[in-house]
Amino acid sequence: MKTVVVAGVLAAVLVGCSSKSAAEQPAPSPTPSPTPVIPSTVSGTVPVPPTTLPTSNPTDAAVPPEVPEQATAPPPANAGPLTAHNLPAPDKLGAGWKTYTDPGGAEAGFIGNNTWTRRRDPHQASYEALPSGCAGQPVKGSLPIPQYALTGSYRTADALPATALLLRFSTSDAATAYYRGYETRMNACGTGGDLSVKQLWDTATAATAVRTYAGAESYVDVSVVKGSTVALLATSSAQPDKQADWAHTVVPALEAVID
């Protein structure tokens, strides 16, 4: 909504001993030194692990990708048909809101593209959006993977971070299936784990909850499905439990543009 993978493994070569004496041993053939596996870097900031291509096309958003999303270049500002026009203007989300050009970097896990929107890997984005570290009973079942994913960055009037994620699916049925699976997992998350989720309100096509990470910030999480698109808006808030009314006002702004 929240990964940089750093690989740096050096192979060790072990040579066994036989029962013969050293004088009886044939001269060993020269053995080339092992080549260290060193991550490549982009602009000296974002490490990229060596790539192992998956053996099959992914089909389940509830399962992490075999190959994590990699920062090899600044991502495009658009994701297929999804553009900034599919995200609400900041003033539609609240007085004083602004778009934010995220510079990215090693900690963020991506390279900035000098604009406020960026394409995401659809599998990675849809998997990472699901609640993780919950104390509640885990929810099983596969979820469809979207065709496209686009994220937009905002800042609230209090200069707090906010992010919108759009997931565009091949059909409205697939979007609804993901949305329902997402909400089922949010409802089952419970409290007391690394992540606690408190529901504020929900309808058939929209919901609002508070995500609280242990020892960290709390976020207001607004989710909407319309047509073939799911929108997830998360914003940091000093008083997240009091944002239910605000969330009702932003749902129409999301519905007006996302699909």
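For the structure, see preceding data.
Calculation criteria
- Residues numbered from 1 in each chain as written.
- Predicted model: local features only at pLDDT ≥ 70, side-chain atom pairs only at ≥ 80, totals over all residues.
- Heavy atoms only, no water.
- Disulfide = S-S within 2.5 Å.
- Helix = DSSP H or I, 4+ residues; strand = E, 2+ residues; numbered from the N terminus.
- Buried < 20%, exposed > 50% of the residue type's maximum accessible area, 1.4 Å probe, protein only.
- Phe/Tyr/Trp six-rings, centres within 6.5 Å; stacked < 30°, edge-to-face > 60°.
- Lys NZ or Arg CZ within 6 Å of the ring centre and 35° of its normal.
- Salt bridge = Lys/Arg side-chain N within 4 Å of Asp/Glu carboxyl O.

Trainee: Help me out: how do you make sense of the state of the cysteines in this one?
Mentor: Note on terminology: disulfide describes a covalent bond linking the sulfur atoms of two cysteines. All chains considered together, the criterion is met by 1 disulfide. The residue that forms a disulfide with Cys-134 is Cys-189, at a sulfur-sulfur distance of 2.0 Å. When the S-S torsion is -95 degrees, as for the bridge of Cys-134 with Cys-189, the disulfide is left-handed. Remark: Cys-189 occurs in helix α3 (residues 172-189) and Cys-134 occurs in the loop between α2 (122-128) and β7 (148-155); sequence separation between them is 55 residues. Residue Cys-134 is classed as partly exposed on the basis of its relative accessible area of 28%. We classify Cys-189 as buried; its relative accessible area is 1%.

Trainee: Would you explain the packing of aromatic side chains in this entry?
Mentor: In this description, a pair of aromatic rings is defined by centroid distance and the angle of the planes. On inspection of all chains with the given rule, the structure shows 6 aromatic pairs. Aromatic side chains Phe-169 and Tyr-178 sit 5.5 Å apart centroid to centroid with 40 degrees between the ring planes, which places their arrangement in the tilted category. Each ring, one from Tyr-213 and one from Tyr-219, has its centre 6.3 Å from the other, and the planes form 80 degrees; the classification is edge-to-face. Positioned above the aromatic ring of Phe-110 is the side chain of Arg-118, whose terminal nitrogen or guanidinium carbon lies 3.5 Å from the ring centre.

Trainee: Would you mind going over the pattern of salt bridges with me for this structure?
Mentor: Side-chain pairing between opposite charges can occur once the charged atoms of the two side chains come close. In this structure the tally under the stated criterion is 5 salt bridges. Here Glu-69 and Arg-120 are joined by a salt bridge, their closest N and O atoms 2.8 Å apart. Taken together, the residues Glu-69 in the loop between β2 (46-48) and α1 (90-93) and Arg-120 in strand β6 (residues 117-120) connect sequence positions 51 residues apart. Exposure remark for Glu-69: the relative accessible area of 28% places this residue in the partly exposed category. Note that Arg-120 and Glu-128 form a salt bridge whose closest N and O atoms lie 3.1 Å from each other. Note on accessibility: Arg-120 and Glu-128 belong to one class, buried. A single salt-bridge network, built from bridges that share partners, covers Glu-69, Arg-120 and Glu-128.

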